[in-house]
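Coordinate inspection notes
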Amino acid sequence: MNSKRFLKVFGIMIVVVFVLIGILNYFVSPFGLFGDKYMDWYSFDMTQNPRIAKVEYLKKTKSNFENFIVGASGASSFPTESLKKYTGEDYYNMFSYGADMLDSVNTVKWLVNHYPVKNIILPLSYTSAAFYDVGNDTFSNAMHEELDGTNKFKFYSKFLFANPRYSFDKIKYINAKKFLQESYNVFYVPDGSYEKRRRDIEPIASVEDYVSRNAYTPFKNFKGEHRNLEHMDEFINSVQKIKEICIKNKINLTVLVIPMYIENFQYFETNEIEDFYSKLAKVTDYYDFGKTSISYDPRYFYDTTHFRNDVGRMILSRVYNGGDMYIPEDFGIYVENGDAGEVIDRLHEDRPNIKLETKLTVLMYHHFSEKGNDDMTIGFNSFRTQMQAIKDAGYTTVTPNEIYSYVNYGKELPEKAVMITMDDGYKSNLEEPYKILKEFGFKATSFVIGSSIGKDTYKDTGHKIFPHFSIEEAKNAMGTFTFGSHTFDMHQSSALETGNIVRNFAVPIAGENDFSFADAFKKDLTRQNEVIQDITNNFKTFAYPGGVYSEITAVLLHEDDYKVTFLTEPHQNYLLKGLRQTAFGLGRFNMTDQIGYEDTIKILEAK
C-alpha cells in the first residue's frame, strides 16, 4: 500500500472512530447532556457532573419547581421533605461539587430565566470567600453552557467526543444495579440531593468508636489546610448580585452560614472570619450556624466539612420555627440590620456547656424458667438478682419511646438509664418475670415474631416449641411491657423449616438479589405491622434476629418509620440529641443465668 493510500485509509479510520465515539456518547449520554433518552439514569449522570445533569433533568422532565437551594456541596444536607413540611413547598437542590460564588450567581440567573422562582436558599461557608471563578476545565466540574455562556460548539463537541470510558462505565454499572447507592450513583434525582440512605442509618455509638472507623479517621488525625479569604470582595459582590436579582423578581432569599467542625477554625484567620460576618451583614440578613455546640462533636458530621442531614433538619426547624425537634439553645443566630456583633463575639467563646449526649445500657433476655440452663434460658432467681442489682445501682428503666423522645425532641432521660429487652415473644416473659418487673417498678420491651404469636408448635409442622404469648396476653401486660418487632417470619429454624428457602435472619441469603430480598422484607414488614400494631400503638421498634445486620434491612426499616432498632453487639450506647440515627443499631448485653449481682453492676457501669 502506497503512502497516499495509507494516509487516506488512516484518516478515514480516525473519522470513523470519532463518529462511533460520538454516536456512543450521544446515545449513552454519561453526563446527561444529550437528554439520556435511552438509559434514563440521571443519578449516574449527576454523579459524573451535577451542574450539567441537573439542568438537563429539569429541562427534560419540564419540572415546575418554584423553590431552589443553590450552592456548593455544603448545601447538600437540607432535607427537602423538611422544607415541604415547614413551608408547604417543593424544593429542588441545585448544589454541585466545588461550586464557587460565580457558579451560584450564574445558577440563580438561569433559574430566574426558566422558572417562576419564589424562594431561594443560599447556604454559605467561609470558603465561599476563599475561591472564585475556579474554572470548568474538567468533565466533572464543567458548567452547562446555558449557565455560563461558553461557546456552544466547543461545549457540545467536548462532551460528544469525550473519552468513551464514561459511556462504557455507565453501561457496565447499569447492568449491575444494586438496591442501595454505590459510588457511581450518589444522587437522589427527584430533588437533586445526595442519596444518603446508607449514611443516615449507620449505627453510631461513642466518639472513640466513631473516629476509629475507616470512614471517619480524618477526625482522629485532623489535617486541615490554611485558607485565606482572599476573594472577599468577589464573595460580597456575588451575594449582592443574587440579592438584587431576588428583589427585582420578588423572590424570597434565605441566606445561611452553615456549621463547621471546630478543628477547621484553626485554619482561618479570626480577623478574616470577623470581616466575613461584618461585610455579609451589610449586604443581607442571614442566619449563622458556623460555630455552635454541634461543631464540637464529629458525629454530627459526615466528614470534616459536611454536616449530617439531621443537622440540616435542625437548621430548617430553627429558620422556620418548626418547634417539632430538638435544637441546642446556642444553635442559630439571626443577623439583621447590619449587626454581626453577637456572631463575632461567639468566635472568641469557649465550648458551650450544653450536654448533648447520654449513655444507655441495654440488656437482652430470651426465655425464662424455674431454673436456668444456658445462655438463652434464665432462672427466675437469677433474673430477680439482676433486677436487684439494677435497682441498687440507681438505674431507671426506659422504653424505646423515651429513647426516641431524647434523640428527636431532647427530652431528658434518667441520669442512669437502662433498657431491658426480651427477644422472640416467649410466654414465659409475661409470667414470673412480669411479676418481678412490677415488683421493682421496672419496664421491659419484648420483640415478637409474628408467625409465632400465641403458638406452642412451629408453624404448620406440629413440632413442639416453647410457648409464645398471644396478642391478648400482650395487651394485658402493657404498662410494664412495650412491644416491638422481631420480623413476622425471618427468624426461621433450619432444622424445622419444610421449604427450600430458609431465612434465619433478616438479611439476604446466599446468592439472593438485593431487589428480591428488599421485596421479601417489605412484605414481611407489612404482615408484621398488621399483626402487632394493636400492642405497639404504631410506635415501631425492631430487634434484628440473631443480631445479624444488613444495610438494606436498616434502610427499609427507616423508610417504614421504625424509630429505634437493636443489634446484639455487647457495647454501651451513646445517644445524641438531634441525631436520630444514634437510636439505630443499639448494642445489647446478653444476660445469662451465670451473671450475678456484681457482674450485672459491672455491665451497667462499663464504658
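Model, not experiment: these values are computed from the prediction.

Some points on the pattern of salt bridges
A complete count under the given rule lists 37 salt bridges for this structure. One salt-bridge network, in which partners are shared between bridges, spans Glu-202, Asp-209, Arg-213 and Arg-308.

A closer look at the packing of aromatic side chains
One pass over the structure, following the stated rule, counts 60 aromatic pairs. Taken together, a centroid distance of 5.1 Å and an interplanar angle of 75° make the contact between Phe-31 and Phe-159 edge-to-face. Residue Phe-31 is located in the loop between α1 (3-28) and α2 (42-48), and its partner Phe-159 is located in helix α7 (residues 152-160); the two are separated by 128 residues in the primary sequence. Aromatic side chains Tyr-173 and Tyr-184 sit 4.0 Å apart centroid to centroid with 10° between the ring planes, which places their arrangement in the stacked category. One end of the pair, Tyr-173, is in helix α8 (residues 165-174); the other, Tyr-184, is in the loop between α8 and β4 (187-188), with 11 residues separating them in the sequence. Here the aromatic cluster, defined as three or more aromatic residues joined through ring pairs, consists of Tyr-26, Phe-27, Phe-31, Phe-34, Tyr-38, Phe-139, Phe-155, Tyr-156, Phe-159 and Tyr-166. Its guanidinium or amino end placed over the ring of Phe-139, Lys-158 lies 5.3 Å from that ring's centre, counting from NZ or CZ. In this arrangement the basic side chain of Lys-563 is found over the ring face of Tyr-404, its NZ or CZ atom lying 5.3 Å from the centre.

A closer look at unusual backbone geometry
In the Ramachandran plot, Lys-62 falls in the positive-phi region, its phi being about 50° despite a non-glycine side chain. Position of Lys-62 relative to the elements: it lies in the loop between α3 (50-61) and β1 (67-69). You can call Lys-62 exposed: its relative accessible area is 68%. Despite not being glycine, Thr-487 has its phi angle at roughly 80°, a positive value. Judged by relative accessible area, which is 1%, Thr-487 ranks as buried.

Description of helix α13 (residues 309-319)
Most of α13 is tucked away, with 10 of its 11 residues classed as buried. For α13, every residue scored as buried is listed here: Asn-309, Asp-310, Val-311, Gly-312, Arg-313, Met-314, Ile-315, Leu-316, Ser-317 and Val-319. On its buried face, α13 sits against α4 (80-87), β6 (252-257), β7 (286-288) and α16 (400-409). Where α13 terminates, the next one or two residues include Asn-321, which has phi positive at roughly 55°.

So, the sheet that holds β7
In space, the 6 strands of this open sheet follow the order β2-β1-β3-β6-β7-β8, with mixed pairing throughout. Since the sheet does not close on itself, it has two edges, and those belong to β2 (92-93) and β8 (333-335), each with one partner. Sheet topology places β6 next to β7; 2 bridges connect them, and they run parallel. Of the residues in β7, the one forming a bridge with Val-257 is Asp-288. Across the sheet, α13 lies against β6, β7 and β8, angled at about 130° from β6, the strand it touches most.

Some points on the side chain of Asn-185
Relative to the helices and strands, Asn-185 is located in the loop between α8 and β4. Only 2.8 Å separates the side chain of Asn-185 from the backbone nitrogen of Glu-182, close enough to count as a polar contact.

What to know about the environment of Thr-254
Considering the arrangement of structural elements, one finds Thr-254 in strand β6. According to the relative accessible area criterion, Thr-254 is buried, its value standing at 11%. Along the backbone, Thr-254 and Ala-130 are 124 residues apart, and their C-alpha atoms lie at a distance of 21 Å. Once residues lying within four places of it in the same chain are set aside, the contact partners of Thr-254 are Ile-120, Ile-121, Leu-122, Tyr-287, Val-319 and Tyr-320.

Reading guide: rules and limits
Residues numbered from 1 in each chain as written. Predicted model: local features only at pLDDT ≥ 70, side-chain atom pairs only at ≥ 80, totals over all residues. Heavy atoms only, no water. Salt bridge = Lys/Arg side-chain N within 4 Å of Asp/Glu carboxyl O. Phe/Tyr/Trp six-rings, centres within 6.5 Å; stacked < 30°, edge-to-face > 60°. Helix = DSSP H or I, 4+ residues; strand = E, 2+ residues; numbered from the N terminus. Lys NZ or Arg CZ within 6 Å of the ring centre and 35° of its normal. Buried < 20%, exposed > 50% of the residue type's maximum accessible area, 1.4 Å probe, protein only. Contact = heavy atoms within 4.5 Å. Pairing = 2+ DSSP bridges. Axes fitted to C-alpha atoms, helices over the stretch in contact; angles between N-to-C directions. Polar contact = N/O pair within 3.5 Å; in protein donor to acceptor, adjacent residues only side chain to side chain.

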